[in-house]
Amino acid sequence: MIKVCTIGAMHYTPFGGFHEMDLPYLESQGISIVKDPKKADVLVSQNRKHLKRYFLKHRNKKKYLIWTLEPRFDTYSRPLRKELFGFVRCHIMNIYTGDVFVSPLSFHAGKITKTLQPLPANFELPNRIVVGLMSFYKGVATEKVMFEGKDVDLIKKRTAIGLYGHEHELMHIFGKGWPAGVSREDSREGDWVGRKGNILDPYHFNLSFENTLAPRYTTEKIWDSIAGYCLPIYYGEGSEIYNIFPEDSFIDYSKMEGPAQLFDYIKQMSDAEYIRRLNSCISVYNNISSLGKPFAEQQRLLALDSIVQKIIKIQEKP
């Protein structure tokens, strides 16, 4: 049995037992989670900063792994990083190494459970206001995230859209940290899941960018938008989202030159195009939902198996 100890918060990860199948499956594959770092073979964390003191204390007597699905917790894009002047090997699994989100549905297929009714042919858009549920962070000054020679940060882009939309009274924003008067409320307070549905309800377009762009990195944002009957505005280029969605379903901002073009496009969109696009998204959602719990578990198992293979490989190497 390979003993793994988590360092720092791992509540929403497989190592923290976020899903009911995570810890039993890891145990079945010979990996157990222990509380005492001294008894562990492998120390795992979401952040390098939490492991630094263990690098100094144990050096190469322990094995180290950074595993995170948060795009800014670790941005290194190679599977191994040398620490402590090369004396320590720290293994990496993150958004950019490509082995955390093994598929776009690795961690969120289980939340796609509804059967949505398509819009009727006579549906008419009552308004074209875009809603954005997103924090400001550092806005357009947000630091770059470099991956394969490209800045894959999307916070700057969605901030620019939000500020333009707010200024022209074309968008309503809910979230933390925005300049005074921009955000309508801090939408993360209280029952976030229920509140999000309530926020989306009166709207028909939702800016649902991820925080960064990487292959297969797809969170709940686009799925929540569809479940709330909002046409997603998403950034498709480089995400592999078209492995799931057909062309001309969601609005792909990566094909546009800036916020003005986006809002002009929405303004000129016919009801018929809106119906066709959202119903295409609903069809994707319903197809996944119809596959049920076995499919969701199979998608999660792909991610868990990636963890198992990595830890076994780490432990086998001197």
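Every chain begins its residue count from 1, and numbering advances along the sequence as written. Reporting in this predicted model follows two pLDDT cut-offs: at least 70 for local features of residues, and 80 or more for side-chain atom pairs to be given and counted; totals over whole chains, interfaces and linings ignore these cut-offs and use all residues. To get the side-chain values, take all heavy atoms of the structure and skip hydrogens and water.

## Focus: a positive patch on the surface
Thinking step 1. Excluding any residue in a salt bridge, patches collect residues exceeding 30% relative accessible area, merging like charges within 9 Å and nonpolar Val, Leu, Ile, Met, Phe, Trp and Tyr side chains within 5 Å. Surface exposure here means Shrake-Rupley accessible area, sampled with a 1.4 Å probe, where a residue is shielded only by the protein chains that are shown. One side-chain nitrogen of Lys or Arg within 4 Å of one carboxyl oxygen of Asp or Glu is enough to make a salt bridge. All tallies of charge rest on Lys and Arg as positive and Asp and Glu as negative; His and the ends of each chain are not included. Charge positions are represented by NZ for Lys, CZ for Arg, CG for Asp and CD for Glu. A cluster of basic residues, K82, R89, K313 and K317, forms a positive patch at the surface.
Thinking step 2. By relative accessible area, which is 48% here, K313 ends up partly exposed. With a 1.4 Å probe rolled over the protein chains alone, any residue whose accessible area is under 20% of its type maximum counts as buried; one over 50% counts as exposed, and the rest are partly exposed.

## Some words on the pairing of strand β10 (residues 171-174)
Thinking step 1. By the criteria applied, helices consist of DSSP H or I runs no shorter than four residues and strands consist of E runs no shorter than two, each listed in order from the N terminus. Burial along β10 is two-sided: the residues M171 and I173 and H172 and F174 are all buried.
Thinking step 2. Bridge count between strand β7 (residues 130-133) and β10: four bridges; the pairing is parallel. In the sheet register, V131 faces β10, and the bridge partner there is H172. Between any two strands, at least two bridges found by DSSP are needed for them to pair.

## What about the packing of aromatic side chains?
Thinking step 1. Stacked, edge-to-face and tilted labels apply to pairs of Phe, Tyr and Trp rings (six-membered ring for Trp) whose centres lie within 6.5 Å, assigned for plane angles under 30 degrees, over 60, and everything in between, in that order. In total, this model carries 19 aromatic pairs according to the counting rule given.
Thinking step 2. Taking the centre distance of 5.2 Å and the plane angle of 80° together, the rings of F101 and F107 count as edge-to-face.
Thinking step 3. Assessed through its relative accessible area of 5%, F101 is described here as buried.
Thinking step 4. For F107, a relative accessible area of 11% puts it in the buried group.
Thinking step 5. An angle of 75° between the planes, with centres 6.4 Å apart, marks the rings of F174 and Y203 as edge-to-face. Of the two residues, F174 sits in strand β10 while Y203 sits in the loop between α4 (192-200) and β11 (205-207), which places them 29 residues apart along the sequence. Side by side, F174 and Y203 carry an identical accessibility label, which is buried.
Thinking step 6. Taken together, the aromatic side chains of W223, Y234, Y242, F245, F250 and Y285 make up a single cluster linked through ring pairs.
Thinking step 7. We call a charge positioned over a ring when the NZ of a Lys or the CZ of an Arg lies within 6 Å of the ring centre and within 35 degrees of the ring normal. Sitting over the ring of F87, R59 keeps its end group 5.9 Å from the ring centre.
Thinking step 8. One Lys or Arg, R81, reaches over the ring of Y76 and ends 5.0 Å from the middle of that ring.

## Remarks on the sheet that holds β10
Thinking step 1. Ordered by their spatial adjacency, five strands build an open sheet running β10-β7-β11-β12-β13, and the pairing between neighbours is parallel. Two strands bound the open sheet, and with one partner strand each, they are β10 and β13 (251-252).

## Concerning the sheet that holds strand β2 (residues 31-34)
Thinking step 1. Spatial ordering of the open sheet is given by β2-β1-β3-β4-β6-β5, a layout of six strands whose pairing is mixed. Unpaired on one side and paired on the other, β2 and β5 (80-83) mark the two borders of the sheet. Adjacent strand axes in the sheet meet at a mean angle of 30°, parallel and antiparallel pairs treated alike.
Thinking step 2. Contacting β1 (2-7), β3 (42-45), β4 (63-67), β5 and β6 (88-93), helix α2 (residues 48-58) runs over the sheet at an angle of about 175° to β4.
Thinking step 3. When checking whether two residues touch, look at their non-hydrogen atoms; a contact exists if any pair is within 4.5 Å. An axis is simply a line fitted to the C-alpha atoms; with a helix, the fit covers only the stretch in contact. Between two such axes, the angle follows the N-to-C directions and lies from 0 to 180 degrees. Helix α7 (residues 271-316) contacts β1, β2, β3, β4 and β6 of the sheet and is inclined by roughly 155° relative to β4.

## A closer look at α7
Given 3.6 residues per turn, any residue in an α-helix points the same way as the ones three and four places further on.
Thinking step 1. What a helix should span is 1.5 Å times the count of its residues minus one. Relative to the 68 Å expected for 46 residues at 1.5 Å per residue, α7 spans just 59 Å between its end C-alpha atoms, considerably shorter than the ideal helical length.
Thinking step 2. G292 marks the point of greatest bend in α7, at about 100°, and the proline P294 comes within the next four residues. Two axes define the bend at a residue: one fitted to the seven residues ending there, one fitted to the seven starting there, and the bend is the angle between them.

## So, the side chain of H58
Thinking step 1. By the element assignment, H58 lies in helix α2.
Thinking step 2. The residues contacting H58, other than those within four sequence positions of it, are L43 and Y64.

## Let's talk about the pattern of salt bridges
Thinking step 1. This model, assessed by the stated rule, comprises 18 salt bridges.
Thinking step 2. Residue D74 pairs with R81 through a salt bridge whose shortest N-O separation is 3.1 Å. Here D74 matches R81 in class, with each residue buried.
Thinking step 3. With a closest N to O distance of 3.0 Å, D151 and K156 form a salt bridge.
Thinking step 4. Salt bridges sharing partners connect three or more residues here, namely R48, D74, R81 and E83.

## Some details on the pairing of β5
Thinking step 1. With burial as the criterion, only one face of β5 is covered, namely that bearing R81 and E83; the residues L80 and K82 on the opposite face remain uncovered.
Thinking step 2. Here four bridges tie β5 to β6, and the two strands are oriented antiparallel to one another. Considered in β6, the bridge of L80 is made with H91.
Thinking step 3. Between β5 and β6, which pair antiparallel in sequence order, lie four residues; one of them, L84, sits at a positive phi of approximately 55°.

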